[in-house]
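# Tertiary structure, described
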Amino acid sequence: VQGRKTYELKRGSQTIGRATAIISFAYNGSTAWVTDTDYTYSTVNGCTYSHGGITTSGNRASMSGTFYYGGASYPFSISLTCSGSGTIS
């Protein structure tokens, strides 16, 4: 199973940065584990992104990163967890 979670940096109604963690899990009915990780991001002009990496531990994956815009930095962290029955949260 594959899960995605997205962080969006907004200024007013405009999204100026978006980063998505894409995590694949396997499960056997009682246990789940991470099998693959990937990510995508997009920014508008004037916004940059620095990828902090994706860490995994058992059935959980966490992605961190930082957007830079207007002279300020906006760090974030998002995570996905898979249950032994294949439910991703």
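Quick caveat: nothing in here was measured; it's all calculated off a predicted structure.

Moving on to the nonpolar core. Grouped together as the largest cluster of nonpolar side chains are 17 residues, with contacts concentrated most on I23, M63, F67 and F76. Considering every element that reaches this core, the biggest residue donor is strand β2 (residues 14–27), with five residues. Setting aside chain neighbours within four positions, we find I23 in contact with V1, Q2, G3, V34, D36, T37, I54, A61 and L80.

Pairing is antiparallel across the open sheet formed by three strands, whose spatial order is β4-β5-β6. Looking at which strands have only one partner, the edges of the open sheet turn out to be β4 (47–57) and β6 (72–81). The mean inter-strand angle of the sheet, taken between neighbouring strand axes irrespective of direction, is 15°. Pairing of strand β5 (residues 60–69) with β6, which is carried by 10 bridges, proceeds in the antiparallel orientation. Pairing of S62 across the sheet is with S79, part of β6.

The strand order across the open sheet formed by three strands is β1-β2-β3, and the pairing between neighbours is antiparallel. At either end of the open sheet lies a strand with only one pairing partner, and these are β1 (2–11) and β3 (32–43). If you compare each strand with its neighbour and ignore which way they point, the axes differ by 15° on average. Pairing analysis gives 11 bridges linking β2 to β3, with the strands arranged antiparallel.

Conventions adopted
- Residues numbered from 1 in each chain as written.
- Predicted model: local features only at pLDDT ≥ 70, side-chain atom pairs only at ≥ 80, totals over all residues.
- Heavy atoms only, no water.
- Core = buried A, V, L, I, M, F, W, Y, C linked by side-chain atoms within 4.5 Å.
- Buried < 20%, exposed > 50% of the residue type's maximum accessible area, 1.4 Å probe, protein only.
- Helix = DSSP H or I, 4+ residues; strand = E, 2+ residues; numbered from the N terminus.
- Contact = heavy atoms within 4.5 Å.
- Pairing = 2+ DSSP bridges.
- Axes fitted to C-alpha atoms, helices over the stretch in contact; angles between N-to-C directions.

Honestly, that's just the spatial picture; any functional story needs more than this.
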